[in-house]
Amino acid sequence: MKKERKNKKFLLDIPEEIWNKWKNKVPRSISLNKALIELLEREGK
């Protein structure tokens, strides 16, 4: 049986310049959503 995972959804209000600098560093092979999740996991430790 697969464990159901709950997700938190929310809108981000980030200055465009900061967002663009961050997203341009994320490799194209990784979705921005996955990159953000990885960033939150690292910061949460």
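As the structure is a prediction and not an experimental result, all values here were calculated from the model.

K.L.:
Is there a simple way to think about the packing of aromatic side chains in this case?
P.N.:
To describe a pair of aromatic rings, one takes the distance between the centres and the angle between the planes. Following the criterion strictly, the structure yields one aromatic pair and no others. Between Trp19 and Trp22 the ring centres are 5.2 Å apart and the planes differ by 45°, which places this aromatic pair in the tilted class. Here Trp22 and Trp19 lie together in helix 1 (residues 16-23), a separation of three residues that amounts to about one turn. Residue classification places Trp19 among the partly exposed positions, given a relative accessible area of 26%.

K.L.:
Can you walk me through the pattern of salt bridges in this structure?
P.N.:
Pairs can form between side chains of opposite charge whenever their charged atoms are close. Enumeration over the complete set of coordinates arrives at one salt bridge. Two residues, Glu17 and Lys21, come together in a salt bridge whose shortest N-O distance is 3.3 Å. Remark: Lys21 and Glu17 occur in helix 1; sequence separation between them is four residues, near one turn of the helix. We note that Glu17, like Lys21, is exposed.

K.L.:
Would you explain the packing of helix 1 against helix 2 (residues 32-43) in this entry?
P.N.:
Closest axis-to-axis distance for the helix 1/helix 2 pair is 11 Å, and the angle between their directions is 95°. The orientation of helix 1 relative to helix 2 falls into the category roughly perpendicular. On helix 2, the residues that touch Trp19, Trp22 and Lys23 of helix 1 are Leu32, Ala35, Leu36 and Leu39. Taken together, the residues of the contact of helix 1 with helix 2 sort by class into six nonpolar, no polar and one charged.

K.L.:
Please clarify how the environment of Val26 should be interpreted in this entry.
P.N.:
Structurally, Val26 can be placed in the loop between helix 1 and helix 2. Sequence spacing of Val26 and Leu36 is 10 residues, and the spatial spacing of their C-alpha atoms is 9.4 Å. Sequence-distant contacts of Val26, that is, excluding residues within four places in its chain, are made with Ser31, Leu32 and Ala35.

Cut-offs and rules
Here the residue numbers are simple positions, counted from 1 along each chain's written sequence. Predicted model: local features are reported for residues with pLDDT of at least 70 only, side-chain atom pairs are reported and counted for 80 or more only, and whole-chain, interface and lining totals are derived from all residues. Water and hydrogen atoms play no part in the side-chain values, which are based on all heavy atoms of the structure. Between 30 and 60 degrees the pair is tilted, below 30 it is stacked and above 60 it is edge-to-face, where a pair is any two Phe, Tyr or Trp rings, Trp via its six-membered ring, whose centres lie within 6.5 Å. A run of H or I in DSSP counts as a helix once it spans at least four residues, and a run of E counts as a strand once it spans at least two, with each numbered from the N terminus. Buried means the residue's accessible area, taken with a 1.4 Å probe over protein chains only, is under 20% of the maximum for its type, while exposed means over 50%, and partly exposed covers the values in between. Any Lys or Arg side-chain nitrogen found within 4 Å of a carboxyl oxygen on Asp or Glu counts as a salt bridge. In this analysis an axis means a line fitted to C-alpha atoms, helices contributing only their contacting stretch, and an angle means the value between N-to-C directions, from 0 to 180 degrees. Any angle that is under 35 degrees is reported as roughly parallel, and any over 145 degrees as roughly antiparallel; angles of 65 to 115 degrees are reported as roughly perpendicular and all others as oblique. It only takes one pair of heavy atoms within 4.5 Å for two residues to be counted as in contact. Three classes are used, and their members are as follows: Ala, Val, Leu, Ile, Met, Phe, Trp, Tyr, Cys and Pro are nonpolar, Asp, Glu, Lys and Arg are charged, and the others, Gly among them, are polar.

All quantities given are derived from atomic positions and should not be read as evidence of function.
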